[in-house]
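# Working through the structure, step by step
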Amino acid sequence: TAGKEAIRKAVDAQLPPIVQFLGDGTKFASGSGNVTYVDFAYFEMFHAIKACAYDDLFEKYPVLKTYCESVRQLPKLKEYLDSADCVEAKQLFNNKIAKINATAGF
């Protein structure tokens, strides 16, 4: 749809500096082994973009896939995302009638 294409265009215009900053995707946003709140914000943002408008985001930007996999492996986050109690993996981002909508499917 036109909305998704506009999102893809905006993502492609804005994402390259973030991808470059993340390097090979194996370090956290702080540039070290220390996780910060930015890592959780990026993790959620990248999955939202992928789910709502950019199905092949991780194929086009493999660094983001590596990065998200690294964040997802944080022990407590992994435990929660793998549990039956994880509502974020099943809930829609928007109201069910919204034109752009999806589940994150972590």
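Look up: the structure comes first, before these words.
Residues numbered from 1 in each chain as written. Predicted model: local features only at pLDDT ≥ 70, side-chain atom pairs only at ≥ 80, totals over all residues. Heavy atoms only, no water.

## Looking at the overall build of the protein
Definition in use: Working definition: helices are DSSP H or I runs of at least four residues, strands are E runs of at least two. Numbering for both runs from the N terminus. Three labels apply to residues, based on accessible area from a 1.4 Å probe with only protein chains included: buried if under 20% of the type maximum, exposed if over 50%, partly exposed otherwise in between. All accessible-area figures derive from a Shrake-Rupley calculation using a 1.4 Å probe, and residue coverage is judged against the displayed protein chains alone.
Across its full length, the protein holds six helices and zero strands. Each helix (α) and strand (β) of the protein, taken in turn from the N terminus, gives the series α-α-α-α-α-α. Buried positions account for 31% of the 106 residues belonging to the protein. Of the accessible surface of the protein, which amounts to about 6700 Å², a share of 57% is contributed by carbon and sulfur atoms.

## Section: helix H5 (residues 62-72)
Since the α-helix advances by 3.6 residues per turn, residues separated by three or four positions end up pointing in the same direction. To be explicit about the condition: It is the directions from the helix axis to the C-beta atoms whose arc is reported. We call two residues contacting when some pair of their heavy atoms lies within 4.5 Å.
Looking at H5, one finds that the buried residues are Val63, Leu64, Tyr67, Cys68, Val71 and Arg72. Along the long axis of H5, the arc covered by the buried residues comes to 165 degrees, so they all point the same way. In this structure, the buried side of H5 is in contact with helix H2 (16-22), helix H3 (37-52), helix H4 (57-60) and helix H6 (75-81).

## So, the environment of Pro16
If you trace the backbone, Pro16 turns up in helix H2. It is 8.9 Å that separates the C-alpha atoms of Pro16 and Tyr61, two residues lying 45 residues apart in sequence.

## A closer look at the packing of aromatic side chains
Heads up, the rule is: Each Phe, Tyr or Trp ring, with Trp reduced to its six-membered ring, pairs with another whose centre is within 6.5 Å; inter-plane angles below 30 degrees give stacked pairs, above 60 give edge-to-face pairs, and intermediate values give tilted ones. In this scheme, the term charge over a ring applies when either NZ of a lysine or CZ of an arginine sits within 6 Å of the ring centre and within 35 degrees of the ring normal.
For the structure on display, the rule yields three aromatic pairs. When the ring of Tyr42 is compared with that of Phe46, the centres are 5.4 Å apart and the planes differ by 25 degrees; the resulting orientation is stacked. Of the two residues, Tyr42 and Phe46 both sit in helix H3, four residues apart, roughly one turn of that helix. Here Tyr42 matches Phe46 in class, with each residue buried. Of the aromatic side chains, those joined through ring pairs into one cluster are Tyr42, Phe46 and Tyr67. Its guanidinium or amino end placed over the ring of Tyr54, Arg8 lies 3.8 Å from that ring's centre, counting from NZ or CZ.

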